[in-house]
Every structure is written in C-alpha cells, then in structure tokens.
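Chain by chain, the residues:
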Amino acid sequence: EVQLVESGGGSVQAGGSLRLSCTASGFTLEEGDMGWYRQGPGNKCELVSAVGRDGPTYYRDSLKGRFTISQDNAKNTVYLQMNRLQPEDTGVYYCAAEGTIYLPPVRLCLAPGVAWGQGTQVTVST
C-alpha cells in the first residue's frame, strides 16, 4: 500500500514562503506521477503541480512564477516551494500519487484510486 507523509505547512504573513514536503513509501517516481492538490469548495481538489521521473509534468497557470515543484527521486520525495504567498493560497494541501496515469487537474479530494497524504494546512494572513 502506498503511503504519503506530508510536512511543512503552517501560518505565514502575506509575502512569506513555505516549503511542503511529501515522502512516499510503496511508490516510485520511476513510473508514476506525484504532486500537490489544494482543497477548494465542495471538496474539490485542484492540482497545483506534479512531477514524473524526469521533472515537472504539470503547473497550474495561475501559480506559475510563485510555486516551484522539485523532487528527489532517490528519496521518493516531492517538494513544493511556495513563495510570495497570498491569502487566497490558504487551504489544505494534499500530496497525491498515481502509478499509471498523470494526476488529473481537478478531482474530488481523497477520491479512491489515488494515494493521498494526510493533508497539511497552509494559512496566509494579511
């Protein structure tokens, strides 16, 4: 069973930075896709960014230039560097991994068929 463990969330003032980490067990980036979703209204998760073995496979256009995804394949770990954070970035961020297809850009949070992390809260204040 794939397990994902997230860390790095917290509270910051607008303009600040955070770095989220997600470490996988029972999963390899050699074949799969791994990334970060943000929970929105109605339990809808929007994909922020994702990586495959060779690097990024997806960036949400609205977040390009502020958020950067990176990876350490040997550690099965994906990072999300979040810079110039704004209040609208506030939310629960879920790490997710899929072994056979790219992560879709929108889906229900914690949907079956996908491995999910426990979620980490990011709060950005003015």
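Residues numbered from 1 in each chain as written. Predicted model: local features only at pLDDT ≥ 70, side-chain atom pairs only at ≥ 80, totals over all residues. Heavy atoms only, no water.

### Quick look at the environment of Gln81
In this structure, Gln81 sits in strand β8 (residues 77-82). When the C-alpha positions of Gln81 and Ser49 are compared, they lie 11 Å apart, and in sequence the two are 32 residues distant. Among all residues touching Gln81, those that are not within four sequence positions of it are Ser17, Leu18, Arg19, Arg66, Phe67 and Thr68. A polar atom in the side chain of Gln81 sits 3.0 Å from the side chain of Asn83. (Helix = DSSP H or I, 4+ residues; strand = E, 2+ residues; numbered from the N terminus. Contact = heavy atoms within 4.5 Å. Polar contact = N/O pair within 3.5 Å; in protein donor to acceptor, adjacent residues only side chain to side chain.)

### Thoughts on the state of the cysteines
Cysteine pairs can be linked by a disulfide, which is a covalent bond between their two sulfur atoms. Overall, the coordinates contain two disulfides when judged by the stated rule. Paired through a disulfide, Cys45 and Cys109 show a sulfur-sulfur distance of 2.0 Å. On the sign convention where negative means left-handed, the S-S torsion of about 105° between Cys45 and Cys109 marks this disulfide as right-handed. Of this pair, Cys45 sits in strand β5 (residues 44-52) while Cys109 sits in the loop between β10 (106-108) and β11 (115-116), placing them 64 residues apart in sequence. We note that Cys45, like Cys109, is buried. Counting its disulfide-bonded cysteines in sequence order, the protein shows a connectivity of 1-3, 2-4. (Disulfide = S-S within 2.5 Å. Buried < 20%, exposed > 50% of the residue type's maximum accessible area, 1.4 Å probe, protein only.)

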